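Coordinates in review
Chain by chain, the residues:
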Amino acid sequence: MFIVGLFALLLPACLTAQEGRPHSVLVLDQSNLRGPFYYALSAGLREVLDADGRFTTYSENLDLTRFGGAAYEEVLKRYLKEKYRDRKIDVIVANGPGTLEYTLRWREELWPGTPVVFAMLEAVQLARLGWLANVTGVVIRNSLADAITSARAVVPALDTIVLVGDSWDRQSLFRHWGDEIPAATSGLKVIDLVGLKMAEILKRVADLPERSAIVYSGVFSDGAGTYYPPANALRLIAEKANRPIVVGAEPLLDAGAIGGHSLTGRDIGADAGKLVLRILGGEQAGDIPPITRDSRPLFNWKQMQRWNVSEASLPAGSEVRFHEPTFLEQYRWQSLAIVSALLIQAGLITFLLHERHLRQHAEMESNERMTELAHVNRQATTGELSSSIAHELNQPLGSILTNAETAELILQSDNPDLGEIREILADIKRDDQRAGEVIRRLRAFLKRTPFETRDIDLNEIIGEVFKFLSVQASARNVALYLQAAPGMLRIKGDPIQLQQVILNLVVNAMDAMAVLPYGRTVICRTELNGGSSAVISIVDSGPGIPADKLAQVFDPFFTTKTQGMGIGLSIARTIILAHKGQIWAENQSGGGAAFHFTLPLAA
């Protein structure tokens, strides 16, 4: 009774101590972790275990890909027994089929009763081992038939399979492929390069048939004592191979292979880590069913471009890696911004072109209206000057009549003077030309023409206006003076409309001086304003413009005349602005008004 009571008292303390002891996990790797596949597997396992953080993890690399045999196994067993003699191991993780075999043989001696989690054991290999006590793990499925399915996807009309790798008994991941060759390659030619030295492999893969594909399991040694990580060996082979290479392990994808149904080491390691956590959580390893991890189709985009393989021909569910983004994919937002800017710019340009078209149309209509109004103004001005025009025509016509009558009288004499007849005919011809010139100027002035510019001499067109107004000025007792700049003042303009400006300004000046009894004078000056424009000034000796009306003289329908329409100066301003010039009015200090306008010189 005493002993039973004492045991009951000490049992909770023992359980508490047991729960408080940190757990330990021993990870045995088949490789020395130089190979990328075993490195990825170990990394996936550690990510899961380290995330929990409640136990200690020990790792040992057995390097079974390069060393083996009973002596080596015995050395490893003694090493592990001595190293972990004082360490309590709660779970053993065996990565690789070779490691699992060693662990199962050592367990009762080194770690009796310790649960084992295996990783990367093929289903066929697990079946051969039979029932295993206190063992669970990750079963992989990667068949040679899947590899050939990948080969058919990348080589249309495939008829030859080329097997490259170390001898099957040296393989760990793909040892079972050797047994699957007859069934998986049915109907295909097989070129077996398994177990050859590296130099021979490189020579053979450089000259393979057209409709063939290489299935690579892994080369670890060249048979002469030189060992390779399988990925490095694949790079050497890919440089020489004239056909695409199909692989079954993810890390080989970036070493020159086009891809295939591949195992992912990180996923396998993570699955094993999850099983370890379940065991440390209190579950029995033998009660946990193994996790099955299938290979999945992974392909290398760069090699697909090299061998002209489209994604459409790949097996369903394939993942394409190392895809180089297109310019639009790489600079998506920048491209969208550029396209948006271009669209906005195109819309703005379209809008501006539409506005430009509307403006041109409006300008054309404005010019037409201005031409029509200017024509009306010229008709009105001509009406005001009709008496002067009639007088200017009557003078040469009267002279022609007198000379004709005189010639008739001379011809009626018995001895007509032919010399005098010639002089009379010359006078008639001159008077006829004078009358014709008056009619020509009048027709040109009244002609309704569209607005058009051409090279003209400003001094010349002003001189024609002064000739046209000479009779009108004489009838009104107005002296006209033209003080032209020397040489030609070449401008681009419409001669009819510019003559109308001069005509309107001079006629207005003569109208303004009608109240003066004498001293009526109009002076027109042309001069250069630097080398870019000409300045024309019309100055009169009249009473000037009332100061309060000076700012309104160019307004439409503004006039100080009782019979005026008020459009002469407005039309003058419109014409000058259409010629890219400026016009203004001012009063002279000595009396009289002055109108000035500028016009750009022709280039």
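Every chain's residues receive numbers from 1 upward, in the order its sequence appears when written. Residues qualify for local features only when their pLDDT is at least 70, as the model is predicted, and side-chain atom pairs are given and counted only at 80 or more; totals for whole chains, interfaces and linings, by contrast, use all residues. Excluded from the side-chain calculation are hydrogens and water; included are all heavy atoms of the structure.

**Looking at the nonpolar core**
Counting 73 residues, the largest nonpolar core has V164, Y216 and I237 as its most contacted members. Residue contributions to this core peak at 6 residues, all from helix α10 (residues 265-280). In this description, contact between two residues means that some pair of their heavy atoms is separated by no more than 4.5 Å. If sequence neighbours within four positions are ignored, V164 has contacts with L193, V194, I201, V205, I214, V215, Y216, S217, G218, V219 and I237. Here, the term nonpolar core denotes a set of buried Ala, Val, Leu, Ile, Met, Phe, Trp, Tyr and Cys residues that are joined through side-chain atoms within 4.5 Å. Partly exposed describes any residue whose relative accessible area lies between the buried limit of under 20% and the exposed limit of over 50%, with all areas from a 1.4 Å probe on protein chains only and scaled to the type maximum. Counting residues in each nonpolar core, the second largest holds 43 residues, with F466, L498, M513 and F597 among its members. Helix and strand definitions here come from DSSP, where helices need a minimum of 4 consecutive H or I residues and strands a minimum of 2 consecutive E residues; each element is numbered from the N-terminal end.

**A look at the pattern of salt bridges**
We define a salt bridge as a contact between a side-chain nitrogen of Lys or Arg and a carboxyl oxygen of Asp or Glu at a distance within 4 Å. Under the counting rule described, the total for this entry stands at 21 salt bridges. In this structure, R321 and E250 form a salt bridge, with 2.3 Å as the shortest nitrogen-oxygen distance. Highlighted residues: R321 in strand β13 (residues 319-321) and E250 in the loop between β9 (245-246) and β10 (259-262), separated in sequence by 71 residues. Overall, the relative accessible area of 18% leaves R321 in the buried class. Residue E319 is joined to R296 by a salt bridge in which the shortest nitrogen-to-oxygen separation is 2.9 Å. You can see E319 sitting in strand β13 and its partner R296 sitting in strand β12 (residues 296-300), a full 23 residues away along the chain. Classification of E319 as partly exposed rests on a relative accessible area of 30%. Assessed through its relative accessible area of 32%, R296 is described here as partly exposed.

**Some thoughts on the sheet that holds strand β4 (residues 116-122)**
Within a sheet, neighbouring strands are paired by backbone hydrogen bonds and run either parallel or antiparallel to one another. Spatial strand order, β2-β1-β3-β4-β5-β11: 6 strands in an open sheet with parallel pairing. Every interior strand has two partners, whereas the edge strands, β2 (55-61) and β11 (291-294), have only one. The mean inter-strand angle of the sheet, taken between neighbouring strand axes irrespective of direction, is 15°. Only strands joined by at least two bridges in the DSSP assignment are considered to pair. Looking at chain direction, strand β3 (residues 91-95) and β4 are connected through 4 bridges and run parallel. Angular values range over 0 to 180 degrees, each being the angle between N-to-C directions of two axes fitted as lines to C-alpha atoms, with helices fitted over their stretch in contact.

**As for the pairing of strand β6 (residues 160-165)**
Counted residue by residue, β6 has 6 buried out of 6 residues, so it is predominantly covered. Of the two faces of β6, both are covered, the one formed by T160, V162 and V164 as well as the one formed by I161, L163 and G165. Relative to strand β7 (residues 189-194), β6 runs parallel, the two being bridged by 6 bridges. Looking at the pairing, V164 lines up with L193 of β7. One ladder, built from 6 bridges, connects β6 with strand β8 (residues 212-218); its direction is parallel. Each bridged residue has a counterpart across the sheet, and for V164 the counterpart in β8 is Y216.

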